[in-house]
Amino acid sequence: MSQWIRWLLAALLVPPTLISIILVLVDTIRRHGHPQGHFLSLRDEPPVHVDKSKVQLYTYGNDLYQAMLADIEHAQKRILFETFIWKNDVIGNKFKDALQRAAQRGVEVYIIYDQFANLVVSAAFFQFDPAIHVLRYPLISFPFRPLTLKTYARDHRKVLIVDDLIGYLGGYNIGDLYARKWRDTHVRVQGPGAWEIENSFIDFWNEYKKKRQAELPELTRRDWDSNLIVQRNDPMLFMFPIRSMYLETIDRTQESFYLTNPYFIPDRAVLYSLLKAARRGVDVRILVPAKSNHIIADWLSHGFYTQCLKGGIRLLLYSDAMIHAKTATADGVWSTVGTANLDRLSMVGNFEVNLELYDHAVARQMEKIFEYDVSQAYELTLANWEKRPLYWKVSEYLLSTFRPLF
């Protein structure tokens, strides 16, 4: 019996593993000969008021980084900074220097970064002024349970909070590449809405800090703005409200649902909800990179294209540059900007945070951004998709074994 099990596992895992190796090699050669392209940026829209807060969307990295650095430079009391990837390059060092200057002038500075995401970054880069409080989210969580997904959970969040007044969150990591060559989306919230972003940082710090590190005091004030909500996934607590947010929104949508995501690998429930919405007449459009920075994710995503196209979902492939935004807008009233990808890792495997907004003015801006991005994309039709070679179709089928890992 054990021999049959070994043969079965080999039959299931060896072919997709070989295909993955080939794809990665091909992608490496492709990247070497074709450097990352540039995208045409829609300049940032003016801020709008949502309840008592002012909301600003950023779609170009340089503009975002200038705003973040300016807020850091003007900080007077406290800075909370959390990122997934932090490159040791010009942009990365600008942030490090700005945070250290803030600490030296008496501002409390707290930093969280993910160890796994920064394995290729020199450890010396993450040596900070002793006055700065640093939490390095570990490579592997303990107690180590190899068959439990939460053991491998990553801190995929990207947030900044300054003086309890200003909060940022979105898809942007910190580095030169993201400043000009990746299309992403971040949001700046000024006012009571920033407290919700701050609260998510405080909870994370207090839960995962080292014993010798002091706790951050809980917020004594939080607003009840119902039109601006922070949703956060916590795999350690098995809390996944971002997934529930998407499912509820898609089910509620009546007219339009526009999704932008770099890795479209939905679970069965999310895919079914999208198809059901399209069947009832909702204009469902999904914008993804034509070629992302993770070729395996692209091919896993391809496995859903036929079903989507036959189900009436429009697929738009962003060309020439990597689109990394994790956004959606529905019916001209609901929007979300955040860190969560539409795959299992983000939905149930990583720490993520999304801002959910109910506001017509924000939705209009989100729709304008989406339409502009679509102008840099091409639409994939069912007729063209079905013309792909047989080896492509076979590879998609074999790689589907890996879907639960993404």
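Quick summary incoming for the structure in this document. (Residues numbered from 1 in each chain as written. Predicted model: local features only at pLDDT ≥ 70, side-chain atom pairs only at ≥ 80, totals over all residues. Heavy atoms only, no water.)

A word on the overall build of the protein. Looking only at helices and strands, the protein features 13 helices and 18 strands. Here the protein holds 406 residues, and the buried ones make up 56% of them. Across the protein, the fraction of contacts at a sequence separation of at least 24, relative to all contacts at a separation of at least 6, is 77%. Element-wise, carbon and sulfur atoms account for 58% of the exposed surface of the protein, whose accessible area totals about 18600 Å². (Helix = DSSP H or I, 4+ residues; strand = E, 2+ residues; numbered from the N terminus. Buried < 20%, exposed > 50% of the residue type's maximum accessible area, 1.4 Å probe, protein only. Contact = heavy atoms within 4.5 Å. Areas by Shrake-Rupley, 256 points an atom, 1.4 Å probe, with all protein chains shown as cover.)

Attention shifts here to the nonpolar core. With 79 residues, the main nonpolar core has Tyr65, Trp86, Phe95, Tyr246 and Phe257 as its most contacted residues. Inspection of this core shows a minimum of three residues originating in each of domain 2 (48-228) and domain 3 (232-405). Among the nonpolar cores identified, the runner-up in size contains 32 residues, and Val159, Leu169, Val353 and Leu355 belong to it. (Core = buried A, V, L, I, M, F, W, Y, C linked by side-chain atoms within 4.5 Å. Domains from an automatic or database assignment.)

For serine 53, the position within the fold is in strand S2 (residues 53-58). Using a relative accessible area of 0% as the deciding quantity, one classes serine 53 as buried. Engagement of the side chain of serine 53 in a polar contact is seen with the backbone nitrogen of glycine 193, the distance being 2.8 Å. Leave out the neighbours within four places in its chain, and serine 53 touches Val48, Val189, Gln190, Gly191, Pro192, Gly193, Asp225 and Leu228. (Polar contact = N/O pair within 3.5 Å; in protein donor to acceptor, adjacent residues only side chain to side chain.)

Right, let's get into the sheet that holds S2. Spatial ordering of the open sheet is given by S1-S2-S9-S7-S6-S3-S4-S5, a layout of eight strands whose pairing is mixed. Bordering the open sheet on either side are strand S1 (48-50) and strand S5 (133-137), each of which pairs with just one other strand. Adjacent strand axes in the sheet meet at a mean angle of 15° when their direction is disregarded. Relative to strand S9 (residues 186-190), strand S7 (residues 166-170) is paired through five bridges, and the arrangement is antiparallel. (Pairing = 2+ DSSP bridges. Axes fitted to C-alpha atoms, helices over the stretch in contact; angles between N-to-C directions.)

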